[in-house]
Structures are given as structure tokens and as C-alpha cells.
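A structural walkthrough
This is what each chain is made of:
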Amino acid sequence: MRKRLDGLAALVAAERPDVICLQETKVQDHLFPASEIADLGYSHQAVHGMKGYNGVAILSRHPLIAPEPRDWCGRDDCRHIFAGVDSNGPLQEIEVHCLYVPAGGDIADPLKNPKFAHKLDFIDAHTHWWTARGAAGPPRFLMGDLNIAPLQSDVWSHARLKNTVTHTEIEIQRLLNMQKAGRWVDVMRWFLADDEEAFTWWSYRAADWREANKGRRLDHIWASRQAAEQVDAVHIMRDARDWAPASDHVPVTVRLKG
DNA sequence: ATGGTAGGTACCCTA
């Protein structure tokens, strides 16, 4: 995060979002650059970070209501925080979830690779949680790095990546189960044809990411039905892949009606 | 079949 303040300022200049969700902040809460971010207009912040790895944060122009960091699978690994926020629109209070799903390592076999097992367990734990929470509560959004590209059009080559972690059948099924359990709408796909390529991540390990274009849609914005109906635009900020210093992920934005 | 880059930390781990 501390390395990305210029990128955050560029995002703010381009889109002026009311709420921003960050993943992989890699900073402990007491070292989070709160005043610099407040100076950008985001004085309301809910952070859940640790040293060196993971970390999530919600930044807002409007007060955050009852922020709640959550730990999963018995680990203190700072991958989820949520809060209420006044939308200043017809939805009134909405609940915003900022989520960072484990990447899962390289081998797509939970018996051989504990990181992949953790990824599946993490998603299943969310599935159970959303099932238990039911449909009650305010309209809600879930956004973040889910580290899974579910559709064929979410990857540069389904044939080449179907055995690669992020696009294997086992992960995709688990993610779709979670989506169903939370009655979530994949808002990005609402605004795109199912077969239209859409990527939010391009590896660092390409000499020219644009030329190779070996991207994946790992970052998602989901919404409850009522919240999804208030969305009037989705934007993948593809050009941000060239910002300096570059991130391998680009921001995705949704705009609400009104 | 392999190796390619980046960030944070402490000479390796995770992505």
C-alpha cells in the first residue's frame, strides 16, 4: 500500500469513487498511511493488515458503520473486512465486503498442495457463512481479488489454463457455490456478454503485457440483487496496468444510479 | 518443460 499511494491518487483523480476496497496492503494497521489517504478525501478507513503479507482496507468519503474484520479457517491472515456505508442514494445503507481469497499455490491438488487446500477451505467457509446469513440485511456488495477466473472468457486461453490454479474446474465450482449461497450477482458480467474477454490481471512475467495479453479476470464485484439493480456502469481500468510503479492488477469500478 | 517479475523482509517467501 505504501508503495501505491501515487496509483491511489490517480484512481481518485480519474473516478472519484465514494468507496474504495484494497487488497494485499501488506502493512500493519499502525503503519497504514492513514493521513495521506485522508488527504485524498478518504477520512473514513477500516483496515485489517499484517506484516508483509495479505491485508485489506475499505476507504470511504462517508462514515463507515460498524466495521468488522473477520478471520477465516482459524488463521489471522487479514483477508476480509466489511462495513456499512450510507450510499446517499435510494439504497440508503449498503454493506461493503472487501475480500482477498488465497492464491492457492501452483499445484491444483488439495492433497499435494496445502495452499490449494486452504483456498478451497476458505471459499467453503464463506459458502457456509453466507448460507447461514440468509437474505436478511441491507443491500450489499462484495469486491476484491477472488483469485479465480470462472468463465472461459475470463482467461486468455481456456485450453491452456484449465489445469492452472485460478481456472480449474474444482475452484470454479466452489466459487459458484459461494456465489449461489450469498445470492450474489456477478455485476461485471451483467455488463458484458458472456463470451466477451474481460481481464483484470496480467502477470509481471511478460516482457510486454499488452502485446502478450495473457490476462485473467481475478478481481470481481458481486452484488445482492437489489444492489445490482442500482448499478449503471462497470469499468475495468485497463490503462492502469501501465501506471508506475505497475501493479499486476488493475482497478475495477462500479457506478450507482442517481 | 521451463522460467520469466515484483514486493516485503531479511537473505526467502508469496504471488
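What counts and how
Residues numbered from 1 in each chain as written. Chains lettered and ligands numbered in written order. Predicted model: local features only at pLDDT ≥ 70, side-chain atom pairs only at ≥ 80, totals over all residues. Heavy atoms only, no water. Core = buried A, V, L, I, M, F, W, Y, C linked by side-chain atoms within 4.5 Å. Buried < 20%, exposed > 50% of the residue type's maximum accessible area, 1.4 Å probe, protein only. Helix = DSSP H or I, 4+ residues; strand = E, 2+ residues; numbered from the N terminus. Contact = heavy atoms within 4.5 Å. Phe/Tyr/Trp six-rings, centres within 6.5 Å; stacked < 30°, edge-to-face > 60°. Lys NZ or Arg CZ within 6 Å of the ring centre and 35° of its normal. Pairing = 2+ DSSP bridges. Axes fitted to C-alpha atoms, helices over the stretch in contact; angles between N-to-C directions. Near = heavy atom within 4 Å. Polar contact = N/O pair within 3.5 Å; in protein donor to acceptor, adjacent residues only side chain to side chain. Nonpolar A, V, L, I, M, F, W, Y, C, P; charged D, E, K, R; others polar.

Quick look at the nonpolar core now. Counting residues in hydrophobic clusters, the biggest one holds 24 residues, and the most contacted among them are Ile-58 and Phe-141. Sorting the residues of this core by element identifies β3 (56-60), β5 (80-86), β6 (93-100), β7 (140-145), α6 (187-190), β11 (219-224) and α8 (225-228) as the ones contributing at least two each. For this core, the leading source of residues is β6, giving four residues. Ignoring any residue separated from it by four or fewer positions in sequence, one finds Phe-141 in contact with Ile-94, Glu-95, Val-96, His-97, Trp-184, Ile-221, Trp-222, Ala-223, Ala-227, Val-231, Val-254 and Leu-256.

Taken as a whole, this structure holds eight aromatic pairs when the rule is applied. Taking the centre distance of 6.2 Å and the plane angle of 45° together, the rings of Trp-184 and Trp-222 count as tilted. Taken together, the residues span a long stretch of sequence, with Trp-184 in strand β8 (residues 184-186) and Trp-222 in strand β11 at a distance of 38 residues. Exposure class is identical for Trp-184 and Trp-222. Each is buried. Linked through ring pairs, Trp-72, Phe-82, Phe-122, Trp-129, Trp-130, Trp-184 and Trp-222 together constitute an aromatic cluster. For the cation-ring pair, Arg-140 lies above Trp-184, with the distance from its terminal atom to the ring centre recorded as 4.8 Å. A cation over an aromatic ring shows up here: Lys-214 above the ring of Trp-156, its NZ or CZ 4.9 Å from the ring centre.

A separate point is the sheet that holds β11. As a general point, the strands of a sheet are linked pairwise by backbone hydrogen bonds and lie either parallel or antiparallel. Across the sheet, six strands lie side by side as β4-β5-β6-β7-β11-β8; this open sheet has mixed pairing. Of all the strands in the sheet, just β4 (64-69) and β8 have a single pairing partner and so form its edges. Along the sheet, successive strands turn relative to each other by an average axial angle of 20°, direction set aside. Across six bridges, β6 lies against β7 in parallel orientation. Note that in β7 the partner of Tyr-100 across the bridge is Asp-145. This element, helix α3 (residues 114-133), spans β5, β6, β7 and β8 of the sheet and lies at about 165° to β6.

This brings us to the protein's contact with DNA strand B. Lining the immediate surroundings of DNA strand B are 13 residues, of which Lys-3, Arg-4, Lys-51, Tyr-204 and Arg-205 lie closest. In DNA strand B, atoms within 4 Å of the protein come from the sugar-phosphate backbone in 61% of cases. In the environment of DNA strand B, a phosphate oxygen lies 3.4 Å from a nitrogen or oxygen atom belonging to the side chain of Arg-4. Classifying every residue of the surface near DNA strand B by side-chain character gives five nonpolar, one polar and seven charged.

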